[in-house]
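Results of the structural survey
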Amino acid sequence: MPLNERDYYKDKSEGSQQPRGSSSGNWSGCLVFVIVAIIVWIVLGARDCDVQDDTTTISPPTTPAPSPEPAPSPPLPEPAPVPTPSVKELKVHFIDVGQGDSILVDLGETEVLIDGGDREPGIVSYLKEHVDGPLEVMVATHPHADHIGGLIEVLETFDVEEIWHNGDTSTSKTYEDFMNCVDSEGAEVHIARLHNIIKASALSFYVHHPADLEGTQNNNSIVLHLGFGETDFLFTGDVEQEAEGAMMMLSSVRLPEVEILKVGHHGSRTASSEDFIAITKPAVAIYMAGKDNRYGHPHIEAIETLRTIGAEIYGTDNYGTIVVSTEGKTYTLRSEKNSIPDTIRTSSSPESTSQLAPEPIPPSEETATPAVQLPTEIVEISEPNVLITRDYKWIYQGEWSWTGEIPLFLYEYYQKIPRPPTKNYSVYVTHPLDDPYIDLLVEKIKKAAQQEGYTEFQNVEFAAAFVQSLPYTADSVTTPFDEYPRYPIETLVDNGGDCEDTSILLASIIDKLGYGTVLIMLPNHVGVGVKGGENIYGSYYEYKGNKYYYIETTGEGWKIGKLPDAYKGTKATIRPLVSVPVLTHEGRIEGSGFFAKVEITVRNVGTAPAYNVTVLAGFDAGNGMVWNSKESEPATIGVDQKLTVTLYLKIPLDKHTRLVVQIGMDNVLVEESYSDWFDT
Ligand SMILES: [Zn+2]
């Protein structure tokens, strides 16, 4: 039996090292056991506010001679305005542009346009009804006229902030006009490549294709995955089976299972291979084609493939514009023409949803198309927008109150996501889904501060006073866990928390207010640092040449720069608010005969992509050695994405051993887990 050196990664990272999760499961006669590292991590988590950190230490704070507090402005504050946040519902419009593609992704005031159909019929009038302010992002999947033609007028009409295209060129007049408009728009222009992430407020589109421009113009189309809560969309442009194959072959990125697939290349038989559809498992497939188009799209072969997996199939040729609405957990469809069953569909793996199979009668090539039905009005299916109401009261140069209305789905979303196994709490601050809501809160704070004529310093004090007024609650009282860091939305709804919760909330607010901020990790405690100049007095920590003044968040009356006595002279770790990847993993092993099949799923629950992720599995041979280890190829895992790796290991005979699983990122060991010991 070959005995290999256990391939430990060298820990040289700052900040990416995570608690070692040792895990166990059952191994009964070569059956199945399950390793769940993340649960074990939670169990291992220490006491309330336990934040012993392992990385950079910063010199103790300096406390210059006390000096006058900033002059208070005259009291008499008015009650704070009451924010009325709107629930963020995502709407994806598959716009009927005849033979062509145009998709508008609309989240509140953020809009992303993928393709614009041909010059005719144009989409500007449709967009005007839905686009608030500028168009944040425009994506041109490839330079064919039925995709970019309509974008020309959009560029002429709207202020477009960011443009993504695939870098492919064409000699057509349409392409020339389009690029001229792109050049004169003054937008940020990017070439989309595999692994890029296109961001627009809370929306993140993962680029699955192209890796480079090797294919035909269709096969070089940009393919985007958008996950919104549990609802997943895949936008495929005009890719055909060649590009589908390339995406499936990639070991580094798994294609997602999706709720909604924009069917490739207008439903052509050259796209939608059986394998591609079997992997992406769309519950709803939407093809975009013109009525009686000259290509005979959609082709019956593609429709049959989609039918076989039980997808509901709708086309813009028969249904006109189709709008998918989702709050992240469920979704509804409505159409301009004919009617799509108005069921509220649940987002999950497609097998588990009951197939309603509405038989949407795709036109076949042989039969004549039935007479056009009268367009019916678009009927909005109203979803109850459940809001949680919380009343907050605090004192800052007078009494303030605010009634917060927090979308229930957002709260439930944050409650449900596992706590990332890291003590780098910046991941809680940088999580994007609550940004629009925190923005609203911050707008209200700014407005109130403006009304009162607060200085910038008072502005921060005012925000701090709000957070400091939230009741202190220990985790073990409010949750089953001893340590349970909360996302800002949770702290607002739970109406308080402990030091890390309120620090995460305050850091989110100060960051959005536009001031530099960091988390200050002290032994068993967390506070917030706000970047300040020379004219502020109090305790500060120096980090990268800047002074961050300490703010205590757990009680009322703490001034900026006032460090609790217990922490005077104590070293702290400074956590800047940068996005970080955080990996969790779980796995199963099935053994039979000589081989064990080990399947490990690694998730990135952080806020930045994880590069060069590797999975190593082997059987523990003691003394840091493993038998028969195998390691996966390095792969990238995007935010909220997962990677499943299957490794076949030879089982060492007549040994007392256990399975060892190690997850590496950029050659650093970030997670490790073990099964129970067993005999082979
Ligand atoms: Zn096309």
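Since the structure is predicted, the reported quantities are computational estimates derived from the model, not experimental observations. (Residues numbered from 1 in each chain as written. Predicted model: local features only at pLDDT ≥ 70, side-chain atom pairs only at ≥ 80, totals over all residues. Heavy atoms only, no water.)

**A word on the environment of Lys291**
Within the secondary structure, Lys291 is located in the loop between strand S14 (284-287) and helix H7 (300-308). Distance in space between the C-alpha atoms of Lys291 and Gln99 is 7.5 Å, their sequence separation being 192 residues. Here Asn318 takes part through its side chain, which lies 2.8 Å from a polar atom of the side chain of Lys291. (Helix = DSSP H or I, 4+ residues; strand = E, 2+ residues; numbered from the N terminus. Polar contact = N/O pair within 3.5 Å; in protein donor to acceptor, adjacent residues only side chain to side chain.)

**Considering the packing of helix H11 (residues 435-452) against helix H15 (residues 499-513)**
Running from amino to carboxyl end, H11 crosses H15 at an angle of 70°, the nearest separation of the two axes being 9 Å. When the interaxial angle is binned, H11 and H15 end up roughly perpendicular. Read as a crossing pair, H11 and H15 show a hand that is right-handed. Across from Asp435, Ile438, Asp439, Leu441, Val442, Ile445 and Lys446 in H11, the residues of H15 making contact are Ser508, Ile509, Lys512 and Leu513. Partitioned by chemical class, the residues of the contact of H11 with H15 number 6 nonpolar, 1 polar and 4 charged. (Axes fitted to C-alpha atoms, helices over the stretch in contact; angles between N-to-C directions. Parallel < 35°, antiparallel > 145°, perpendicular 65-115°, else oblique. Left-handed = near helix turned anticlockwise from the far one by under 90°. Contact = heavy atoms within 4.5 Å. Nonpolar A, V, L, I, M, F, W, Y, C, P; charged D, E, K, R; others polar.)

**Remarks on the nonpolar core**
Formed by 98 residues in total, the largest nonpolar core has its most connected members in Phe94, Val105, Phe205, Phe235 and Ile509. Look past the residues within four positions of Val105 in its chain and what remains in contact with it is Leu90, Lys91, Val92, Thr110, Glu111, Val112, Ile114, Leu203, Phe205, Leu226 and Phe235. If you look at the next biggest cluster of nonpolar residues, it comprises 27 residues, including Val97, Tyr126, Phe158 and Met179. (Core = buried A, V, L, I, M, F, W, Y, C linked by side-chain atoms within 4.5 Å. Buried < 20%, exposed > 50% of the residue type's maximum accessible area, 1.4 Å probe, protein only.)

**Observations concerning the coordination of the zinc ion**
In this structure, Asp146 (OD), His147 (NE2), Asp238 (OD) and His266 (NE2) serve as the protein donors to the zinc ion, at separations of 2.0 to 2.1 Å. What the 4 donor atoms of the zinc ion show is an angle range of 85 to 159° at the metal, which sorts the shape as irregular. (Donors = N, O, S within 2.8 Å, 3.2 Å for Na, K, Ca; no water. Tetrahedral: all angles 85-135°; square planar, octahedral: opposite > 155°, others 65-115°.)

**As for empty space enclosed by the protein**
As enumerated under the stated definition, the model contains 4 cavities of 30 Å³ or more in all. One number sums up the size of the largest cavity: a volume of about 100 Å³. Lining the largest cavity are 12 residues, with Lys88, Phe409, Leu410, Leu433 and Pro436 sitting closest to its centre. Elements with a contribution of two residues or more to the lining of the largest cavity: helix H9 (408-416) and H11. Sort the elements by how many residues they give to the lining of the largest cavity and H11 lands first, with 3 residues. Within the lining of the largest cavity, the residues separate by chemical class into 10 nonpolar, 1 polar and 1 charged. Here the second largest cavity is characterised by a volume of approximately 80 Å³. In terms of lining, the second largest cavity is formed by Phe228, Gly229, Glu327, Gly328, Lys329, Phe409, Glu412, Tyr413, Lys416 and Leu433. (1 Å grid on protein atoms, 1.4 Å probe; cavity = no way out; pocket = protein on both sides within 12 Å on 5 of 7 lines; lining within 4 Å. Points joined across faces, edges and corners; volume = space filled by probe spheres on them.)

**A word on the pattern of salt bridges**
Side chains carrying opposite charge are able to pair once their charged atoms draw close together. Inspection of every chain in the model, using the stated rule, returns 21 salt bridges. Taking the shortest distance from any N to any O, the salt bridge between Lys568 and Asp565 comes out at 3.0 Å. The exposure class of Lys568 is partly exposed, given its relative accessible area of 42%. Exposure remark for Asp565: the relative accessible area of 60% places this residue in the exposed category. When salt bridges with common partners are traced through the structure, they connect Arg119, Lys173 and Asp177 into a single cluster. (Salt bridge = Lys/Arg side-chain N within 4 Å of Asp/Glu carboxyl O.)

**Concerning the sheet that holds strand S6 (residues 135-140)**
A sheet is described by the order of its strands in space; here 9 strands give the open sequence S8-S7-S6-S5-S4-S3-S16-S17-S18, paired in mixed fashion. Of all the strands in the sheet, just strand S8 (188-191) and strand S18 (345-346) have a single pairing partner and so form its edges. Both strand S17 (residues 330-335) and S18 contribute to a ladder of 2 bridges, which runs antiparallel. Looking across to S18, one finds that Tyr331 is bridged to Arg345. The strands that helix H3 (residues 145-157) touches are strand S5 (110-114), S6 and strand S7 (160-165); relative to S6, the one it contacts most, it runs at about 155°. Sitting on the sheet, helix H4 (residues 173-185) is in contact with S6, S7 and S8, with an inclination near 135° to S7. (Pairing = 2+ DSSP bridges.)

**With respect to the packing of aromatic side chains**
Throughout the structure, instances matching the rule amount to 21 aromatic pairs. Aromatic pair Trp402 and Phe466: ring centres 5.7 Å apart, planes at 75°, arrangement edge-to-face. A residue pair is termed long-range when its members are at least 10 positions apart, and Trp402 in strand S20 (residues 399-407) and Phe466 in helix H12 (residues 456-468) qualify at 64 residues. We note that Trp402, like Phe466, is buried. Taking 4.6 Å as the distance between ring centres and 35° as the angle between the ring planes, the aromatic pair formed by Tyr414 and Tyr487 counts as tilted. Taken together, the residues span a long stretch of sequence, with Tyr414 in helix H9 and Tyr487 in the loop between helix H13 (475-478) and helix H14 (488-494) at a distance of 73 residues. (Phe/Tyr/Trp six-rings, centres within 6.5 Å; stacked < 30°, edge-to-face > 60°.)

**Quick look at the layout of surface pockets**
Considered as a void within the structure, the largest pocket measures approximately 1500 Å³ in volume. If you trace the largest pocket, you find 47 residues lining it, with Asp232, Arg603, Asp640, Gln641 and Lys642 closest to the centre. Secondary-structure elements contributing two or more residues to the lining of the largest pocket are strand S10 (203-209), strand S11 (223-228), helix H6 (274-280), H9, strand S26 (583-592), strand S27 (595-604) and strand S31 (642-650). Of the residues that constitute the lining of the largest pocket, the class distribution is 21 nonpolar, 14 polar and 12 charged.

**Structural notes on helix H5 (residues 241-249)**
Since there are 3.6 residues in each turn of an α-helix, residues three or four apart along the chain are aligned in direction. Those residues of H5 lying buried are Ala243, Glu244 and Met247. Seen from one end, H5 has its buried residues packed into an arc of 105°, which puts them on one side. Opposite the buried face of H5, at more than 90 degrees from it, the exposed residues are Glu242 and Met249. Packing partners of the buried residues in H5 comprise S10, S11 and H6. (Arc of directions from axis to C-beta.)

**Details of the confidence of the model for the protein chain**
Chain-level pLDDT for the protein chain is 79 on average; 80% of the residues reach the 70-or-more range. Predicted confidence for residues 1-87 stays below pLDDT 50, and this span has 243 contacts to residues more than four positions away or in other chains. Note on residues 349-384: pLDDT is under 50 here. Beyond four places in sequence and across chains, it has 57 contacts. (pLDDT = per-residue confidence, 0-100.)

**Structural notes on the sheet that holds strand S9 (residues 197-200)**
With respect to topology, 7 strands assemble into an open sheet ordered S9-S10-S11-S12-S13-S14-S15, the strand pairing being mixed. Two strands bound the open sheet, and with one partner strand each, they are S9 and strand S15 (312-315). Sheet twist, expressed as the average angle between the axes of neighbouring strands with direction ignored, equals 20°. Both S11 and strand S12 (residues 231-235) contribute to a ladder of 5 bridges, which runs antiparallel. When the sheet's bridge partners are listed, Leu224 is paired in S12 with Phe235. Where H7 meets the sheet, its contacts fall on strand S13 (260-262), S14 and S15, and the angle it forms with S15 comes to roughly 145°.

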